[in-house]
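In case you want the letters, here they are:
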Amino acid sequence: MWIRLPDTPLSFRGSRIVPDNRYSVRYDESSMTFLLQIQDLQESDEGKYQCQVQVTSTNKVTAEVELAIRRPPVISDDSTRDLIVGRGEDVSLFCNASGNPHPKVSWRRQGNAILPTGGAISHGTDLKILDIQKEHRGTYICTADNAVGNGDRRAINVRVEFSPLIRVPRDRVGQALFYDRELECVVDAFPAPQVEWIFDGRKIVTDQHYEVSAFSVANEATEMKLRIKNIQKKQFGTYQCIASNKLGSATGKVELYESTRVVGDYNDRNLFAGSSHSELISASRVSVLLILSASLSYIFTF
């Protein structure tokens, strides 16, 4: 007979005696073996089973077998979720997984970037990052695997708070009078900063003379742009781009200077560069007079 230990009989004299029809007993005459079969295995079937063979009325032979159900890995909900931390803090990421056999846990960064601990992969349930910096921000991927199924994984987004840093792609920009020119600053900060442009002690807003814009790009960066329209003499000088959040502020400077050459995609870009408005009008009148004179000469010739 078969018994599920500690004391649940499953069969007697080769016949099933439990109501669960997933169990069946088969006798193999060639090997004189009683086989216990369990269909549609469930986790609750895991445990020890005992086969008993009655030799005499007072003597029996027993053998035991342990049934272990192989289960694919599952990462538990008590594992680390997305984090927001301050620069310089010590951070511990935890990934707890269950399964049978017990799964192995490993860590890597999205895109296979180098881990703060060194190398591309770290093994173990914990990943410790000491003195975290903004370069360590990003997505960390925990993977649990035990060769059963496809394994399990969890992505944890780590964001690092830090005060603004400003990069100025070009700190001196030239343009001719009466043309447009764009200035640019790139801000790196988290939380997202408040940004503004200052010229001659005053905050610049979008109007008929200026166009102010700012938009987010990858990795917590913000591009600040200032378009100066139809540049006048009084608009040449040093412009400040300022960014601030709860952790601090930063300032960048861009000098706009007068150029004798038109910069940008303009037609006849060198024709009237540096000329005053009255000089432009005079030049236009000369052009008209020349065209009219040429036309009259052509008419009187015939």
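Thresholds applied
- Residues numbered from 1 in each chain as written.
- Predicted model: local features only at pLDDT ≥ 70, side-chain atom pairs only at ≥ 80, totals over all residues.
- Heavy atoms only, no water.
- Disulfide = S-S within 2.5 Å.
- Helix = DSSP H or I, 4+ residues; strand = E, 2+ residues; numbered from the N terminus.
- Buried < 20%, exposed > 50% of the residue type's maximum accessible area, 1.4 Å probe, protein only.
- pLDDT = per-residue confidence, 0-100.
- Contact = heavy atoms within 4.5 Å.
- Pairing = 2+ DSSP bridges.

Chemist: Teacher, can you tell me more about the state of the cysteines here?
Modeler: Counted according to the given criterion, the structure contains two disulfides. Across the disulfide from C95 sits C142; the S-S distance is 1.7 Å. When the S-S torsion is -70 degrees, as for the bridge of C95 with C142, the disulfide is left-handed. In this pair, C95 is assigned in the loop between strand 11 (91–94) and strand 12 (97–100) and C142 in strand 16 (residues 138–145), connecting sequence segments 47 residues apart. Of the two residues, C95 and C142, both sit in the buried class. Counting only the cysteines that take part in disulfides, in the order they occur along the protein, gives the pairing 1-2, 3-4.

Chemist: What is the right way to read the confidence of the model for the protein from this model?
Modeler: Detailed conclusions should not be drawn from predicted coordinates in areas where pLDDT is low. With 88% of its residues at a pLDDT of 70 or more, the protein shows a mean pLDDT of 86. Taken together, the stretch residues 268–302 has pLDDT below 50 and engages in 18 contacts with residues farther than four places along the chain or on a different chain.

Chemist: Looking at this structure, I do not really get the sheet that holds strand 25 (residues 248–258). What am I missing?
Modeler: Hydrogen bonding along the main chain pairs the strands of a sheet, whether they run parallel or antiparallel. Read from one edge of the open sheet, five strands run 18-25-24-20-21, paired in mixed fashion. With one partner strand each, in any of the chains shown, strand 18 (172–175) and strand 21 (202–203) form the two edges of the open sheet. One ladder, built from two bridges, connects strand 20 (residues 194–199) with strand 21; its direction is antiparallel. Within strand 21, the residue paired with F199 across the bridge is R202.

Chemist: How should the sheet that holds strand 7 (residues 47–56) be read in this particular structure?
Modeler: Pairing is antiparallel in the open sheet, where four strands are placed in the order 2-1-7-8. Each edge of the sheet is formed by a strand with only one pairing partner; in this case those strands are strand 2 (8–9) and strand 8 (59–67). With three bridges connecting them, strand 1 (residues 2–4) and strand 7 associate as antiparallel partners. The partner of R4 across the bridge, within strand 7, is Y49.

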